[in-house]
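Residue-level listing of the chains:
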Amino acid sequence: MKKLGFIGGGNMAEALARGLLQKKVFAPSDLVASDVDPGRRRKLARQLKIKTTDSNLEVLREARAILLAVKPQTIDEVLAELAAAMNPPAPSTDGAKRASGTKPADRLFISIAAGITLGRLTAALGKRVIRVMPNAPAMVGQGMAAMVGAPGAGKADQAFALRIFRAVGDAVALSEEGLLDAVTALSGSGPAYVYLFVKALADAAVSEGLPPELAARMALKTIRGAEENMRQSDLSPAELIRIVASPGGTTEAALRKFAETGFSDIVAHAIHAAAERSRELGRT
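Residues numbered from 1 in each chain as written. Predicted model: local features only at pLDDT ≥ 70, side-chain atom pairs only at ≥ 80, totals over all residues. Heavy atoms only, no water.

Brief notes about helix 8 (residues 190-207)
Inclusion rule: Only DSSP runs of H or I reaching four residues or more are called helices, and only runs of E reaching two or more are called strands; each is numbered from the N terminus. Expected span of a helix: the number of residues minus one, times 1.5 Å. Each residue is placed in one exposure class: buried if its accessible area under a 1.4 Å probe, protein chains only, is under 20% of its type's maximum, exposed if it is over 50%, and partly exposed if it falls in between. An arc is given here, and it is the one of the directions from the helix axis to the C-beta atoms.
Taking 1.5 Å as the rise per residue, helix 8 with 18 residues should run 26 Å; its terminal C-alpha atoms sit 26 Å apart, in good agreement. What helix 8 keeps buried is the set Gly190, Pro191, Val198, Ala202 and Ala205. Seen from one end, helix 8 has its buried residues packed into an arc of 110°, which puts them on one side. The exposed set on the far side of helix 8, more than 90 degrees from its buried face, consists of Leu196 and Ser207. Looking one or two residues past helix 8, glycine 209 carries a phi angle of roughly 115°, positive in sign.

Observations concerning a nonpolar patch on the surface
Basically, it comes down to this: Residues enter patches when their relative accessible area tops 30% and they take part in no salt bridge; the joining distance is 9 Å for like charges and 5 Å for the nonpolar side chains Val, Leu, Ile, Met, Phe, Trp and Tyr. Using a 1.4 Å probe, accessible areas were evaluated by the Shrake-Rupley method; residue-level cover was limited to the displayed protein chains. Whenever Lys or Arg places a side-chain nitrogen within 4 Å of a carboxyl oxygen from Asp or Glu, that contact is recorded as a salt bridge.
A contiguous nonpolar surface patch, about 530 Å² in accessible area, is contributed by Phe197, Leu201, Ile241, Leu255, Phe258, Phe263 and Val267. As for its position among the elements, phenylalanine 263 is in helix 12 (residues 263-283). Taking relative accessible area as the criterion, phenylalanine 263 reaches 37% and is therefore assigned partly exposed.

A word on the sheet that holds strand 2 (residues 31-34)
The cut-off we apply is this: Pairing between two strands requires that DSSP report at least two bridges joining them. Here an axis means a line fitted to C-alpha atoms, over the contact stretch when the element is a helix, while the angle between two N-to-C directions is reported on a 0 to 180 degree scale. Any two residues having at least one pair of non-hydrogen atoms within 4.5 Å are treated as being in contact.
Taken in spatial order, the eight strands line up as 3-2-1-4-5-6-7-8 in an open sheet, and their pairing is mixed. Each of the sheet's edge strands pairs with one partner strand only, and the pair in question is strand 3 (51-53) and strand 8 (169-173). On average, each strand axis in the sheet is inclined to that of its neighbour by 20°, with strand direction left out of account. Bridge count for strand 1 (residues 4-7) against strand 2 is four bridges, and the pairing is parallel. Bridging across to strand 2, glycine 5 finds its partner in valine 32. Sheet strands in contact with helix 4 (residues 72-86) are strand 1, strand 4 (65-68) and strand 5 (108-111), and its direction is about 160° off that of strand 4.

Focus on the nonpolar core
Put simply, the test is: Here the nonpolar core consists of buried residues drawn from Ala, Val, Leu, Ile, Met, Phe, Trp, Tyr and Cys, with membership extended through side-chain atoms lying within 4.5 Å.
If you look at the biggest cluster of nonpolar residues, it comprises 34 residues, and the most contacted ones within it are Leu4, Phe6, Leu67, Ile110, Ile164 and Phe165. At six residues, the largest contribution of residues to this core is made by helix 1 (residues 11-22). With residues near it in sequence (within four places) discarded, leucine 67 still touches Leu4, Gly5, Phe6, Ile7, Leu16, Ile110, Ile112, Ile164 and Phe165. Of all hydrophobic cores here, the second largest spans 29 residues; its members include Ala83, Ala146, Leu180 and Val183.

Description of the environment of aspartate 157
One can find aspartate 157 in helix 6 (residues 155-166). Judged by relative accessible area, aspartate 157 falls into the buried class, the value being 10%. Sequence-wise, aspartate 157 and phenylalanine 109 are 48 residues apart; in three dimensions their C-alpha atoms are separated by 9.3 Å. Not counting chain neighbours up to four residues away, the residues in contact with aspartate 157 comprise Leu108, Arg128, Ile130 and Gly152.

Observations concerning the packing of helix 7 (residues 179-188) against helix 12
Note the threshold: An angle below 35 degrees is read as roughly parallel, one above 145 as roughly antiparallel, one from 65 to 115 as roughly perpendicular, and any other as oblique. In a left-handed crossing the near helix is turned counterclockwise from the far helix by less than a right angle, and in a right-handed crossing that turn is clockwise. Residues are grouped as follows: Ala, Val, Leu, Ile, Met, Phe, Trp, Tyr, Cys and Pro are nonpolar; Asp, Glu, Lys and Arg are charged; all remaining types, including Gly, are polar.
Their axes nearest at 8 Å, the elements helix 7 and helix 12 cross at an angle of 135°. Regarding the angle of helix 7 to helix 12, the classification is oblique. Here helix 7 runs over helix 12; the crossing is right-handed. Seen from helix 7, the contacting residues are Asp181, Thr184, Ala185 and Leu186; seen from helix 12, they are Ile271, Ala274, Ala275, Ser278 and Arg279. When the residues that make up the contact of helix 7 with helix 12 are grouped by side-chain class, the tally is five nonpolar, two polar and two charged.

Considerations on unusual backbone geometry
Within the chain, lysine 24 stands out as a residue other than glycine whose phi angle is a positive 60°. Here lysine 24 lies in the loop between helix 1 and strand 2. The phi dihedral of lysine 49 is positive, around 65°, even though this residue is not glycine. Looking at where lysine 49 falls in the secondary structure, it is placed in the loop between helix 2 (38-48) and strand 3. By relative accessible area, which is 59% here, lysine 49 ends up exposed.

Some thoughts on the packing of aromatic side chains
Our working rule: Two rings from Phe, Tyr or Trp (for Trp, the six-membered ring) form a pair when their centres sit within 6.5 Å of each other. Planes less than 30 degrees apart are called stacked, planes more than 60 degrees apart edge-to-face, and all others tilted.
Within this structure, the stated rule accounts for three aromatic pairs. On the basis of an interplanar angle of 50° and a centroid distance of 4.9 Å, the ring pair of phenylalanine 258 and phenylalanine 263 is categorised as tilted. Under the relative-accessibility criterion, phenylalanine 258 is labelled partly exposed at 33%. Among the aromatic residues, ring-to-ring pairing joins Phe197, Phe258 and Phe263 into one connected group.

Structure (structure tokens):
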């Protein structure tokens, strides 16, 4: 039996599978993935050497843990298919049998479908469910994921899920599902905020005369260098700002303008808007 199956073989599933194989958490023979797109199946089989299929139920039969990596707009169809296979009508009139004797308690389900609550997942899949919010940098091995488990997901299940997502970055476990809305607003949507800030830095530098390619290169390196400095330093962000911002200097002039235009308030409003939208999606 496979150790992990992916239902949905898109970019995030590929990144996770690749990270797990590169970190030697699993071997190719431990993984199986389903996808409706023949091109995606061929790519996964060719590049990662894992088994692929067009059947979600084949993944259900073959894997001890199932990672649901489908889009939110298709999750209900997938949940219905899995639930029907695990809980067929009894007595059956057409000879249908439970998928390889599969019962909901036999499988761990891990979902990365945005906005799909534990309540919706457990109603279809049973109690061993973990909901995860990853982010796009997982595709380059620098992801940040947060997860919360249903009551039926034990410590071993949580440790298993953490191993998966730590293969492509960092991952933490939360005690309350409601915190995933804040996670979504911060790390889930956060990469786009960074891209926006880098673009704004580079565009402003171009307006001051720098060539576009050089401006983009310098903005990116500045972000990376500042991040690494923060990571290695014991100082708080405020203290690091004071080190760079000499009194009466250029940095102080720029920071004053940020304050005058309400930069911190803008960020807070943006985070709140993303978190509120996450809550709205969870209610639909």
